[in-house]
Amino acid sequence: MSTPDRMLSILDLFRDDTTAAFQEDVMAHLECSRATAYRYLKSLTESGLLAPTAGGAYVLGSRIIELDRHLRQHDPLMRAARDVMRATGDELHANLMLCSYYGDKVMCVDRYWTDQSIESSYARGRPFPMFRGATAKPILANLPPYQLRNLMLWHAAEIREAGLGDDWDEFRANLKQLRSAGVCVSHGEVDRGLMGIGSAIFSPDQKVVGSLVFIAAQARTSAERLEVLQARIQIAAAQVSQNLQAPQSNGAAAIGIMPSRPRRLRAPAGATPARPKA
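Residues numbered from 1 in each chain as written. Predicted model: local features only at pLDDT ≥ 70, side-chain atom pairs only at ≥ 80, totals over all residues. Heavy atoms only, no water.

J.: Help me understand unusual backbone geometry, please; the structure alone is not making it clear to me.
T.: Trans is the prevailing form of peptide bonds, just as negative phi is the prevailing case for residues other than glycine. Positive phi is not limited to glycine here, since Glu 31 has a value of about 55°. Summarising the element assignment, Glu 31 is placed in the loop between helix H2 (23–30) and helix H3 (34–46). A positive phi angle, near 50°, is found at His 93, a position not held by glycine. Within the secondary structure layout, His 93 lies in the loop between helix H5 (76–92) and strand S4 (95–102). (Helix = DSSP H or I, 4+ residues; strand = E, 2+ residues; numbered from the N terminus.)

Structure, rendered in structure tokens:
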């Protein structure tokens, strides 16, 4: 791992159950000296990504808020999906979620919520694993083989627990079936009582960049309603993909979207990653 990668990985310490990070946390996370941890924390603080607080703790800095505002205004995927989500959600009185991914996680980047009686744990910015729900599976099914092999190599247990296959051949076959269907329906895989109906979004060069998903209450979704949602989510996702091909209003093309590869996380002590068969 390069020096910039090591330094930026300090941001991985901030999760839902973390309010602050200390120098000792950085030392343990990076297995580095106190001097190195101090140097990295100083650089992140000067950039505004972290901010020092009482007791030697560090919290996320204001620069992140500035970047989030810029993302909401100018992100090509969000811009391409915004009007589609609004029009589709209003017409069908349905809740929609736009998801992207990085590394080995899928994340909600935008929502259009018409039915406030439905509550989902998929808040904007909360990451989830790549192996559960209609938010993640349409993305997973359309990743290239080398990325899927990396995921199988480092997440075999999670893939097996999600029912996606006990080995590489089963995993590949299940994803091929999902990819051919063009739409994924999940029942309570993330939130009990809720179902997701999702379809993949593609960049102009046909690389998967995200998913568009209806979130509905299982008890209130009839077979007829489900059939309509399955058809319409594919139409809406295709429209977002088409919108990504158009130049943005500021003259910059959305072709710049480049999804990141699944990253190789540090394995637990004593763990040996499973190797997929050829």
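J.: Before we go on, may I ask you to explain the packing of aromatic side chains in this structure?
T.: Two numbers describe a pair of aromatic rings. These are the distance of the centres and the angle of the planes. The full count for this structure, using the stated rule, is 1 aromatic pair. The ring of Trp 113 carries the charged tip of Arg 111 above its face, separated from the ring centre by 3.9 Å. (Phe/Tyr/Trp six-rings, centres within 6.5 Å; stacked < 30°, edge-to-face > 60°. Lys NZ or Arg CZ within 6 Å of the ring centre and 35° of its normal.)

J.: Would you explain the sheet that holds S4 in this entry?
T.: The strands making up a sheet are joined through hydrogen bonds of the backbone, oriented either antiparallel or parallel. Pairing is antiparallel in the open sheet, where 6 strands are placed in the order S6-S5-S4-S9-S8-S7. What marks the edges here is a single partner per strand, and that holds for strand S6 (127–129) and strand S7 (184–187). Direction aside, the axes of adjacent strands within the sheet are offset by 30° on average. The pairing of S4 with strand S9 (residues 208–217) spans 5 bridges and is antiparallel. Paired with Asn 95 across the strands is Ile 215, a residue of S9. Packing against the sheet, helix H6 (residues 133–141) makes contact with S4, strand S5 (105–112), S6, S7, strand S8 (194–202) and S9, and its axis sits at approximately 155° to S9. (Pairing = 2+ DSSP bridges. Axes fitted to C-alpha atoms, helices over the stretch in contact; angles between N-to-C directions. Contact = heavy atoms within 4.5 Å.)

J.: What am I meant to see in the environment of Gly 133 here?
T.: Position of Gly 133 among the secondary structure elements: in helix H6. Judged by its relative accessible area of 2%, Gly 133 falls in the buried class. With 52 residues separating them in the primary sequence, Gly 133 and Val 185 have C-alpha atoms 7.8 Å apart. Ignoring sequence-local partners within four residues, the contact set of Gly 133 consists of Pro 138, Ser 186, Glu 189 and Val 190. (Buried < 20%, exposed > 50% of the residue type's maximum accessible area, 1.4 Å probe, protein only.)

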